[in-house]
Amino acid sequence: MSSEQKFWRLLADYERLTTDEGVLLRELNLAALARLQAQKTVICDAALEAATAAGLSLPAEHSERLLARQKQNLALTQKQLAHISSERQDLTTATQRLNNVGRAYLHGPGKLPALLAEG
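Residues numbered from 1 in each chain as written. Predicted model: local features only at pLDDT ≥ 70, side-chain atom pairs only at ≥ 80, totals over all residues. Heavy atoms only, no water.

## With respect to the layout of surface pockets
Next, step 1: Reported here for the largest pocket is a volume of approximately 160 Å³.
Next, step 2: What lines the largest pocket is simply Phe7, Leu10, Leu11, Tyr14, Cys44, Ala47, Leu48, Ala51, Leu56, Ser57, Leu58 and Leu66.
Next, step 3: Elements with a contribution of two residues or more to the lining of the largest pocket: helix H1 (3–27) and helix H2 (30–54).
Next, step 4: Taken together, the residues that form the lining of the largest pocket break down as 11 nonpolar, one polar and no charged. (1 Å grid on protein atoms, 1.4 Å probe; cavity = no way out; pocket = protein on both sides within 12 Å on 5 of 7 lines; lining within 4 Å. Points joined across faces, edges and corners; volume = space filled by probe spheres on them. Helix = DSSP H or I, 4+ residues; strand = E, 2+ residues; numbered from the N terminus. Nonpolar A, V, L, I, M, F, W, Y, C, P; charged D, E, K, R; others polar.)

Structure, rendered in structure tokens:
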């Protein structure tokens, strides 16, 4: 396979992975996303090497399409991170409330809980 053919095959693979990345981001599949990111890095490096060997540059049409997908994925990543951060804060607040409720009803040996003593 010539360097030019290799470049175009790798570019198609990279574009497919970028599309798959969007799916994984929506599903919040972080393990698969990490593997995909590693694959994208390897493919990108190989594509750049093949392009250099063949004396090619990425046509504007492909670069614009790829950049648009990357921007969509970035926006989705930021949205998911904000959602995760919000959920984390909610969980922290709920944990603190549960801990406070638990402390209110803790009693040592021989002591009755406050509610039983009043009842």
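Picking up after the structure, the text goes on.
## Considering the nonpolar core
Next, step 1: Of all hydrophobic cores here, the largest spans 16 residues; its most connected members are Phe7, Leu24 and Ile43.
Next, step 2: If you list the elements that add at least two residues to this core, you get H1, H2 and helix H3 (60–105).
Next, step 3: Once residues within four sequence positions are removed from consideration, Phe7 is found in contact with Ala47, Ala50, Ala51, Leu56 and Leu58. (Core = buried A, V, L, I, M, F, W, Y, C linked by side-chain atoms within 4.5 Å. Buried < 20%, exposed > 50% of the residue type's maximum accessible area, 1.4 Å probe, protein only. Contact = heavy atoms within 4.5 Å.)

Purely geometric stuff here, so don't read any function into it on its own.
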